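Listed here are the chains, written in short residue letters.
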Amino acid sequence: MLAAASGRVAPVASAAAAATGPQRCGLIAIVGKPNVGKSTLLNALVGQKISITSRKAQTTRHRITGIRTLGDTQFVFVDTPGFQTRHATALNKSLNKTVMGAIGDVDLILFVVEAGNFTLADAKVLSLFKPGIPTLLIANKLDTVHRRAEIAPWLKSMQERHPFAEFVPMSAKNKADVERLYAICAKYLPEQAWWYAEDELTDRSEKFLASETVREKLFRFTGDELPYTSTVVIEKFEEEASKTHARMLRIAATIVVERDSHKAMVIGEKGERLKRIGTEARQELEKLMGAKVFLELWVKVRSGWADDEARVRSFGYE
């Protein structure tokens, strides 16, 4: 588990005064269709990158918890995969099950949509929400809307679709918007003791974050050429003593693809693309974990793995 004060992650500046009253704590699900900015929003709220991002839809595949403690309140955010409506593969069924599990037992839902837009995919996600759980409409990417006057009628139409507790037009890249969202969310969280230490940022292990970081770089450097079914499996994650570094990690990871042509694509001419993926992932992991990292990457073909329930589970999907 990553913690701000562990020496492995830089401390995050508090946006609120020290705790003075009764503690508040609760679960907040971040939900929406693929590629609406859920992971970017989670990272902004936590103040540290713990969920990978890319332009490729369905980048997030796991329920990822991000923790932020400000003043009296501990926010426990749950980032979820985008709900899939197009392809009923074993992988997509697993991802959708994760979404359903996340929204069933939370104190607050952040329904993330692109400001000014509402599609059939958005409607499918909205139909999953159970009555009784307050839901905020997060109109994200407000910075991309050129004519703000169009937002008012759109917001009115959204209110007719669902009894949202509040509307929050914002950009996850705008610090003031993120600060405002904390204050809004805090009102909906119950008075109870915090679940985590004040400096903890996520309940995910470093091994998990290593696999996610490699997968992010994989998607970033292959663009739309590589199907999203590609995944990363950590074969070795070992900490070693070092005379020259306070902390040293040796990590071996396998990139799993479905076809030989995909393998060639990942490796690139004379291995250059794989080398670049490895270099970028290693540099980010060193920063994230406060360690010297030695990263070894392999590429293997496992045809049809995304439609094989047993293999989907073996690769760490619920």
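Residues numbered from 1 in each chain as written. Predicted model: local features only at pLDDT ≥ 70, side-chain atom pairs only at ≥ 80, totals over all residues. Heavy atoms only, no water.

Engineer: What's the story with the packing of helix 7 (residues 260-267) against helix 8 (residues 272-289) in this structure? I'm lost.
Structural biologist: Where helix 7 meets helix 8, the axes come as close as 5 Å, and the angle between the chain directions of the two elements is 65 degrees. Note on element contacts: helix 8 touches helix 7 through Glu272, Arg273, Leu274 and Ile277, opposite Met265, Val266 and Ile267. Broken down by class, the residue content of the contact of helix 7 with helix 8 amounts to five nonpolar, no polar and two charged. (Axes fitted to C-alpha atoms, helices over the stretch in contact; angles between N-to-C directions. Helix = DSSP H or I, 4+ residues; strand = E, 2+ residues; numbered from the N terminus. Contact = heavy atoms within 4.5 Å. Nonpolar A, V, L, I, M, F, W, Y, C, P; charged D, E, K, R; others polar.)

Engineer: Just to check I follow, could you spell out the pattern of salt bridges for this structure?
Structural biologist: Close approach of charged atoms lets side chains of opposite charge pair. What the rule picks out here adds up to 15 salt bridges. Here Glu216 ties to Lys217 by a salt bridge, and the two come within 3.4 Å at their closest N and O atoms. We classify Lys217 as buried; its relative accessible area is 4%. Here the residues in one salt-bridge network are Glu216, Lys217, Arg220 and Glu284, joined through shared partners. (Salt bridge = Lys/Arg side-chain N within 4 Å of Asp/Glu carboxyl O. Buried < 20%, exposed > 50% of the residue type's maximum accessible area, 1.4 Å probe, protein only.)

Engineer: I would appreciate a short explanation of the packing of aromatic side chains in the present structure.
Structural biologist: Centre distance and the angle of the planes are the two values used to describe a pair of aromatic rings. A complete count under the given rule lists five aromatic pairs for this structure. Ring geometry for Phe111 against Phe129: centres 5.3 Å apart, planes inclined by 90 degrees, an arrangement best described as edge-to-face. With Phe111 in strand 4 (residues 108-114) and Phe129 in the loop between helix 3 (120-126) and strand 5 (135-140), this residue pair connects regions lying 18 residues apart in the sequence. On the basis of relative accessibility, which here comes to 8%, the residue Phe129 falls in the buried class. On the numbers, 6.2 Å between centres and 55 degrees between planes, the contact of Phe164 with Phe167 is tilted. Put simply, the rings of Phe111, Phe129, Phe164 and Phe167 pair up and form one aromatic cluster. (Phe/Tyr/Trp six-rings, centres within 6.5 Å; stacked < 30°, edge-to-face > 60°.)

Engineer: Please clarify how the nonpolar core should be interpreted in this entry.
Structural biologist: One broad rule of soluble globular proteins: the nonpolar side chains tend to lie buried together. The biggest cluster of nonpolar side chains holds 27 residues, and the ones touching the most others in it are Phe111, Phe129, Leu137, Trp154 and Met158. Elements that contribute at least two residues to this core include exactly strand 1 (24-31), strand 3 (73-79), strand 4, helix 3, strand 5 and helix 4 (151-161). Residues in contact with Leu137, not counting those within four places in the same chain, are Phe111, Val113, Trp154, Leu155, Met158, Phe164, Glu166, Phe167 and Val168. The next biggest cluster of nonpolar side chains, apart from the first, holds 26 residues, and it includes Leu42, Phe75, Leu136 and Leu201. (Core = buried A, V, L, I, M, F, W, Y, C linked by side-chain atoms within 4.5 Å.)

Engineer: When you look at the pairing of strand 4 in this model, what are you seeing that I'm missing?
Structural biologist: Two faces belong to every sheet, and in a regular strand the side chains alternate between them. Burial analysis of strand 4 places six of its seven residues in the buried class, the great majority of the element. Pairing geometry for strand 1 and strand 4, over four bridges, is parallel. Paired with Ile30 across the strands is Leu110, a residue of strand 4. Following the backbone out of strand 4, through helix 3 and into the adjacent parallel strand 5, one traces a crossover that is right-handed. (Pairing = 2+ DSSP bridges. Right-handed = clockwise from strand over helix to strand, strands pointing away.)

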